[in-house]
Amino acid sequence: KTMLRPATADDEVAMVKKSSSYSTYLKQIEATARQYNLKLKVADVAESFDGQRLTFYFTADNRVDFRDLVKDLGKVFHKKIRLQQIGVRDEAKIDGDYGPCGLPLCCKNWLKVLGSVNAEYIKDQDLMHRGNERLSGACGRLKCCLRYEEEAYKYGLDKLPKVGDQIKTGAGLGRVTEV
């Protein structure tokens, strides 16, 4: 979003006060959702700077009818309430865990656009021999790094000799059996 102005000291104090209310907001929505037997997991909450709106980000396995939930929360908080369903990749980005490489998740740290990752990337990168648990990220889906490494693999594969090609080496002629 566009920046309106640099934050002042008063703005920073106001943001700290708001962030202290977030746990109250989360507890309330979880309790109210249980009353309506709604199967949703709240990932995050954001309050508008003017304090008039609350946006709750949640994940759910199925469609959720949350109209009554929004009405009740509006009465409790006296604010405009918005619920936004997000995907598991977005939830992992919010939670910001660490990957198997020991670094913060790429989606949390630097990856700005979460695109789709498909099984073709596994084939192109010759990773079919690895198990699903080694190819799945914190979100349970295929790792995002498969997507942003794909271009480098395709470029490299185009430059390398193909299986069956005869190549000249320091030890003499050889035939490529695998790449």
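Structure: above.
Residues numbered from 1 in each chain as written. Predicted model: local features only at pLDDT ≥ 70, side-chain atom pairs only at ≥ 80, totals over all residues. Heavy atoms only, no water.

Asks: Quick one: what's the story with the nonpolar core, residue by residue and with numbers?
Replies: The biggest cluster of nonpolar side chains holds 18 residues, and the ones touching the most others in it are Leu40 and Phe56. Residue contributions to this core peak at four residues, all from helix 1 (residues 9-35). Counting six residues, the second largest nonpolar core, distinct from the first, contains Val117, Tyr121, Ile122 and Leu127. (Core = buried A, V, L, I, M, F, W, Y, C linked by side-chain atoms within 4.5 Å. Buried < 20%, exposed > 50% of the residue type's maximum accessible area, 1.4 Å probe, protein only. Helix = DSSP H or I, 4+ residues; strand = E, 2+ residues; numbered from the N terminus.)

Asks: Could you give an account of the environment of leucine 26, with specific residues and numbers?
Replies: Looking at where leucine 26 falls in the secondary structure, it is placed in helix 1. On the basis of relative accessible area, leucine 26 is assigned to the partly exposed category, the value being 25%. Residues leucine 26 and valine 42, 16 residues apart in the sequence, show an inter-C-alpha distance of 7.3 Å. For leucine 26, the contacting residues outside a window of four places in its chain are Val42, Asp44 and Val45. (Contact = heavy atoms within 4.5 Å.)

Asks: Any chance you could break down helix 3 (residues 88-95) for me, citing the residues and the numbers?
Replies: Among all positions of helix 3, only Arg89, Glu91 and Ala92 are buried. The buried residues of helix 3 occupy an angular sector of 160 degrees when the element is viewed end-on, so they sit on one face. (Arc of directions from axis to C-beta.)

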